[in-house]
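Coordinate analysis (summary)
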Amino acid sequence: KLVVFGSVNADHVVKVPSFPRPGETLHGSAYQVISGGKGANQAVAAARLGADIGFIACVGDDPFGQMTVKEFVKDGINVDAVLIEKAMPTGIAMIQVADTGENSICISAEANGQLNAERLRPYLGCIESAKYLLLQLETPMDGVELAVEKAHAAGVTIVLNPAPAKALSNALLKHISIITPNETEAELLTGVTVSDALSAQQASDVLFFKGVSVVMITLGAKGVWLSNQVGVGKMIAGFKVKACDTTAAGDTFNGALVTALIEGKSLEDAIVFANAAAAISVTRFGAQTSIPKRQEVDKFLDN
Ligand code: ADP
């Protein structure tokens, strides 16, 4: 079984013709509040794709928090460890989506800021009894560190999506089985600017030196650089689709990846499956609104 540990956000989304500059006011359109947050998106992706999953998170004591937990249940997620923070709002993201499909995002942690080591402690049993732990960096670091330490001690396979970009200690990285940075995150973690196969492998090699076992650098539409050995890696191409909104592409990739790995797929096959799920998600607007169900991904891969 899979445990996802991470954030929940209410995404306040507007479409914009271009991103406003400092001091500029632009007319956006199509305002919507959509369920998001890296942790929640990854949990929802795994659940819709068929994984048996428990989610550890903090939501606020507000209508969005209550609504989103009901949605998690509908998606088949075990919410026993989704905690409700009294007198706090759920985390939020202010998102602008440009006509190109690119986005610009500002987040405020709110209830996610409460998911620290102390709050997590009573729920460590869920992590220790899991097969896989999937986590990101949108919640306090001491909680992430404790989750990783306990999971490692219990022999759980740990998949870290190191997003949003943040420097990480070698003490944390040495326990990570699979790391899934995008280009920006890979550069921040390694100091290597990732632009082609050679630089992707150089960045992977730095991560191996820090103790990570498998590196998957996501490269947007290009796909993923996979390496599990110093000096040796390969590109797994992405699928060609018409991008509408790339919000949650990386999250869909991560949720799908772990789902496929739990099913026993090889690293390469799991990446192909995850690339397909993520490609479908970029053709649709929003975070959790864009995450496909299993049947859709299987059909996409059959064509
Ligand atoms: P993030 O969203 O975290 O920045 P990426 O942009 O690297 O991550 O995207 C994650 C994955 O989503 C990619 O590895 C790829 O599988 C898929 N993806 C992203 N953008 C596109 C796109 N325009 N077309 C097809 N697949 C995409």
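This structure is a prediction, so every number in the text was calculated from the model and none was measured. (Residues numbered from 1 in each chain as written. Predicted model: local features only at pLDDT ≥ 70, side-chain atom pairs only at ≥ 80, totals over all residues.)

Some words on the overall build of the protein chain
On a plain count of helices and strands, the protein chain comes out with eleven helices and 13 strands. Against the 2.2 N^0.38 benchmark of 19 Å for 303 residues, the protein chain shows a C-alpha radius of gyration of 18 Å, consistent with a compact globule. Oriented by its inertia axes, the alpha-carbon framework of the protein chain measures out at about 50 × 45 × 40 Å. Taken over 303 residues, the protein chain has a buried fraction of 48%. Considering only intrachain contacts with a sequence separation of at least 6, the fraction spanning at least 24 residues in the protein chain is 68%. (Helix = DSSP H or I, 4+ residues; strand = E, 2+ residues; numbered from the N terminus. Rg over C-alpha atoms; globule rule 2.2 N^0.38 Å. Buried ≥ 20, exposed ≤ 12 C-beta atoms within 10 Å, placed from the backbone. Contact = placed C-beta atoms within 7 Å.)

Overview of the UniProt feature "active site" (unreviewed entry) in the protein chain
The positions UniProt marks with the feature "active site" (unreviewed entry) are Asp-251. Structurally, Asp-251 can be placed in helix H9 (residues 249–262). (UniProt positions renumbered as here; feature names shortened; annotations may be inferred.)

Quick notes on the sheet that holds strand S8 (residues 132–135)
Strand order in the open sheet made by the nine strands is S5-S4-S1-S8-S9-S10-S11-S12-S13, with mixed pairing throughout. A strand with exactly one partner marks an edge of an open sheet, and here the two such strands are strand S5 (78–85) and strand S13 (232–237). Seen against the sheet, helix H5 (residues 141–153) touches strand S1 (2–5), S8 and strand S9 (157–160) and runs at an angle of roughly 165° to S8. Across the face of the sheet, helix H10 (residues 267–282) comes into contact with strand S11 (214–218), strand S12 (223–229) and S13 while running at roughly 160° to S12. (Pairing = 2+ DSSP bridges. Axes fitted to C-alpha atoms, helices over the stretch in contact; angles between N-to-C directions.)

Quick word on the sheet that holds strand S7 (residues 103–108)
The strand order across the open sheet formed by four strands is S3-S2-S6-S7, and the pairing between neighbours is mixed. For this open sheet the edge positions go to strand S3 (29–36) and S7, each flanked by a neighbour on one side alone. Ignoring strand direction, the axes of neighbouring strands in this sheet form an average angle of 20°. Direction of pairing for strand S2 (residues 9–16) relative to S3: antiparallel, over a ladder of six bridges. Residue Val-13 lies in a different strand from S3, and its bridge partner there is Gln-32.

A few points about the UniProt feature "binding site: ATP" (unreviewed entry) in the protein chain
The sites that UniProt annotates as "binding site: ATP" (unreviewed entry) are Asn-182, Thr-218, Leu-219, Gly-220, Ala-221, Lys-222, Gly-223, Gly-250, Asp-251 and Asn-275. Structurally, Thr-218 can be placed in strand S11. If we skip the residues at most four places from it in the chain, Thr-218 touches Thr-180, Asn-182, Val-224, Gly-250 and Phe-253. Mapped onto the elements of the fold, Asn-275 is located in helix H10. The exposure class of Asn-275 is buried, given the 24 C-beta atoms found within 10 Å. Look past the residues within four positions of Asn-275 in its chain and what remains in contact with it is Gly-223, Val-224, Ile-236, Gly-238 and Phe-239.

Notes on the site of the ligand
Around the ligand lies a shell of 20 residues, among which Thr-218, Ala-221, Ala-249, Gly-250 and Ala-278 are the nearest. Counting only elements with at least two residues in the shell around the ligand, the list comes to S12, H9 and H10. A total of four residues in the shell around the ligand trace back to one element, the largest contributor, which is H10. Here the residues of the shell around the ligand sort into twelve nonpolar, eight polar and no charged. (Near = placed C-beta within 6 Å. Nonpolar A, V, L, I, M, F, W, Y, C, P; charged D, E, K, R; others polar.)

Remarks on the environment of Gln-136
The topology assignment puts Gln-136 in the loop between S8 and H5. By the C-beta count within 10 Å, which is 26 here, Gln-136 ends up buried. For Gln-136 and Pro-164, which are 28 residues apart along the polypeptide, the C-alpha to C-alpha distance reads 7.7 Å. In contact with Gln-136, not counting residues within four places along its chain, are Gly-6, Lys-38, Gly-39, Gln-42, Asn-161 and Ala-163.

Some details on the nonpolar core
Of all hydrophobic cores here, the largest spans 83 residues; its most connected members are Leu-2, Leu-133 and Ala-277. The element best represented in this core is H10, accounting for ten residues. Sequence-distant contacts of Leu-133, that is, excluding residues within four places in its chain, are made with Val-3, Phe-5, Ile-127, Ala-147, Ala-151, Val-156 and Ile-158. The next biggest cluster of nonpolar side chains, apart from the first, holds six residues, and it includes Ala-10, Val-13, Ala-93 and Val-97. (Core = buried A, V, L, I, M, F, W, Y, C linked by C-beta atoms within 7 Å.)

Some thoughts on the pairing of S5
Bridging between strand S4 (residues 53–60) and S5 involves six bridges; their strand directions are parallel. The residue bridging Gly-54 from the neighbouring strand is Asn-78, located in S5.

Some details on the packing of helix H7 (residues 183–190) against helix H8 (residues 197–209)
Closest axis-to-axis distance for the H7/H8 pair is 10 Å, and the angle between their directions is 50°. Between H7 and H8, the crossing angle belongs to the class labelled oblique. Helix-helix and strand crossings are classified by hand; for H7 and H8 the assignment is left-handed. For the pair formed by H7 and H8, the contact residues are Ala-186, Leu-189 and Thr-190 on the first element and Ala-203, Val-206 and Leu-207 on the second. Of the residues assigned to the contact of H7 with H8, the class counts are five nonpolar, one polar and no charged. (Parallel < 35°, antiparallel > 145°, perpendicular 65-115°, else oblique. Left-handed = near helix turned anticlockwise from the far one by under 90°.)

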